[in-house]
Amino acid sequence: MTRTRRLCAVAAVAAAVALTGSGCSVIPVSGPYVVDDTGSGDPLSKPFQRMIATAPQPGWGPQDVLKGLQAAMAAYDDDPTVLPQYLTPEALRGWSPDGAVTVLDDAWNWTFDLGDQDGTESVQKISVKAPQIARIEEDDTYVPLAGNWARPFELVKVEGVGYRVRGLPQGIILTKSDVARAYRPTKLYYLGNGTQDRLVVDSVRLRLKPTKTYAQVVLERLLKAPSAALQGAVSTSFPTGTKIESVRSGEDERVVINLSGPIDPLDLSGEHGLMAQIRYSLTNNDVAKGRAIEVQVDGEQYSVSQPNVDQGWLDNGVNTDYYVDKGAVHYMTNEGPGGAVAGPAGQPREGYSNFALSKQGDLVAAQTSTGISITAATQEGQWQEVIPGSPQDLTAPSWHRDGSLWTFDRKNGVVLRYDPAANRPAERVAAPGLKGWDVTRMRIARDGVRVVLTTRENIVHVGALTQTGGLMLSNVRVPTAREPGGVIEDLAWRDDEHVLVLVKSNAGQTLNEIDIGDGDVTEIPLKNRLRRVAALNEHVLAQAETGKGKGSEILELSQDQSWKTRIESNAEAPLFPLG
């Protein structure tokens, strides 16, 4: 027989086919059900499926064994007894499921490289390659990735048993479908370290557990530290050592949560924050919506949260639309143009641009040829330069919800914060991760914690304002694996979890919405050429070119993703307070 010098087998298999070929099946599990606001079904759970993997068969070749191994990894949390059957004793002693979870694309190609083997040897060394789309960190952060994943495997043929894996990389390998089946995107709510009056969302991926309700999974994770993106930036009302003893449905459809630990039932100083964290972490994950939540400590009632009671924990300030006309700031009405704001900010003035409004709209900032100035939106207000520097040296001003004004000093490579109430010059804020960066924009989110930045390389970064060891801009990361694909022309916070990015490329202009939690990018259709964007939750405004000799107009994005005209002419730079 002629020896084959190199044998490569490529099987392009969809995830379901790969699992079937490995002797695996997916069965529905009774227990978690979809919750609705009418109270039908279990209000504490989510539907999911348990995967049952099949043990390796004596007649399987090395490729089939590796596919079966991956399916056993997908079933490992549900049933950890099958995966060890694929391993030699040596491999089982050296392997651990701990660490980050590798997520591969469903439409992957198993590319097996056998090197100089002909496939009949008792020891098979195989290199496996597949497209990787993400990684789930140990802190439950979902990190989007792009590129190929490659790992070596070594299999040994055992007489009468078949192939077993002797060399195995650490950790669990899942497909996109595995993650969709067993994990849920989850929003956890913590208290912002800055003002303590605002909840901050932490987006993670939590694995469902057959023995626990989704509500219990969420609350148990809420008791832990936030993900790395918010480390040092948020706090919790739960004392260290708090435990979830039980989560159940009580009388009148109320959800009863029994806690234990160092919570003093007579000390209600942290009650409002604790109840807010629980309420939003459950209802904003579509669990226990429309129901009262009773929290007990060691079986005794501690507090009750009633549904549909807004206590301002997600307050974003004044919900008013503004725009600029001839250097003067105006407010909008439902019919279109409104009046000018009070004071000098509402008076036409050349040389003022990049306007920004504080949380309540009572302070206005603008950029001039010599620096950044502010004024009160009152008849007595006066423009006052508070941060000197040319427009080439300073990024556009951005208000924090605590009333301070921020910019990035590109000339000196530092973050600057000016507090109008302190009556002193702007102070530097440490940002060691930005050393040497050419920052072009910096915008603080309405939650007062997250910060979005762009660089000269047209890359979007998201960081957080941390308080550990002093105020600092840190935890900076790239939120998506997808590159902008052009020049970034503008950006704005839409809500606590999404950033709008306006990009110009050779193919035209695109408006992308980036989910900073899971990295998904959604393109918003455009009809006109846009110059500026502004947003507040579902409310999106844009400055567009009219092409009719009337300057620019203000457009509004409708629910059907079409654009309608709000102001027909002589309007530019739409804006909202903060963001």
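Notes on the structure in this doc start here. (Residues numbered from 1 in each chain as written. Predicted model: local features only at pLDDT ≥ 70, side-chain atom pairs only at ≥ 80, totals over all residues. Heavy atoms only, no water.)

### Some points on the pairing of strand E29 (residues 450-455)
Item 1. Along E29, six of the six residues are buried, which leaves the element largely enclosed by surrounding structure.
Item 2. Hairpin connection between strand E28 (residues 439-444) and E29: a loop of five residues separates the two successive antiparallel strands, and glycine 448 in this loop has a positive phi of roughly 75°.
Item 3. Relative to strand E30 (residues 460-466), E29 is paired through five bridges, and the arrangement is antiparallel. Opposite arginine 450, over in E30, you have alanine 464 as the bridge partner.
Item 4. Between E29 and E30, which pair antiparallel one after the other, the connecting turn spans four residues, and asparagine 458 there sits at a positive phi close to 60°. (Buried < 20%, exposed > 50% of the residue type's maximum accessible area, 1.4 Å probe, protein only. Helix = DSSP H or I, 4+ residues; strand = E, 2+ residues; numbered from the N terminus. Pairing = 2+ DSSP bridges.)

### A closer look at helix H6 (residues 271-283)
Item 1. In this model, H6 (13 residues) spans 18 Å end to end at C-alpha, consistent with the 18 Å of a helix rising 1.5 Å per residue.
Item 2. Here H6 lies mainly inside the structure; 12 of its 13 residues are buried.
Item 3. Taken as a whole, H6 has its buried residues at Glu271, Gly273, Leu274, Met275, Ala276, Gln277, Ile278, Arg279, Tyr280, Ser281, Leu282 and Thr283.
Item 4. Summarising the contacts, the buried residues of H6 are in contact with strand E10 (183-192), strand E11 (199-207), helix H5 (214-222), strand E14 (255-260), strand E15 (293-297) and strand E16 (300-305). (Expected span 1.5 Å × (residues − 1). Contact = heavy atoms within 4.5 Å.)

### Here's the deal with the pattern of salt bridges
Item 1. According to the stated counting rule, one finds 29 salt bridges in the structure shown.
Item 2. A salt bridge links aspartate 78 to arginine 181; its shortest N-O distance comes to 3.5 Å. Taken together, the positions of aspartate 78 in the loop between helix H2 (62-74) and helix H3 (89-94) and arginine 181 in helix H4 (residues 176-182) put the pair 103 residues apart, joining distant regions of the chain.
Item 3. Aspartate 78 sits in the buried class, given a relative accessible area of 15%.
Item 4. With relative accessibility at 9%, the residue arginine 181 sits in the buried group.
Item 5. Within this structure, Asp77, Asp78, Arg181 and Arg207 form a network of salt bridges that share partners. (Salt bridge = Lys/Arg side-chain N within 4 Å of Asp/Glu carboxyl O.)

### Some remarks on empty space enclosed by the protein
Item 1. Tallying each qualifying case throughout the model produces five cavities of 30 Å³ or more.
Item 2. Taken as a whole, the largest cavity encloses approximately 90 Å³ of empty space.
Item 3. In this structure, the largest cavity is lined by Thr141, Val201, Asp202, Ser203, Ser227, Ala229, Arg450, Arg477, Asp496, Glu497, Ile516 and Gly517.
Item 4. Counting residues per element, the lining of the largest cavity draws most heavily on E11, which supplies three residues.
Item 5. Residue classes in the lining of the largest cavity are distributed as three nonpolar, four polar and five charged. (1 Å grid on protein atoms, 1.4 Å probe; cavity = no way out; pocket = protein on both sides within 12 Å on 5 of 7 lines; lining within 4 Å. Points joined across faces, edges and corners; volume = space filled by probe spheres on them. Nonpolar A, V, L, I, M, F, W, Y, C, P; charged D, E, K, R; others polar.)

### Looking at H2
Item 1. The end-to-end C-alpha distance of H2, which contains 13 residues, comes to 19 Å, matching closely the 18 Å that a straight helix rising 1.5 Å per residue would cover.
Item 2. Taken across its 13 residues, H2 has 11 buried, putting it largely inside the fold.
Item 3. Of all the residues in H2, the buried ones are Pro62, Val65, Leu66, Lys67, Gly68, Leu69, Gln70, Ala71, Ala72, Met73 and Ala74.

Keep in mind these numbers describe shape, not what the thing actually does.
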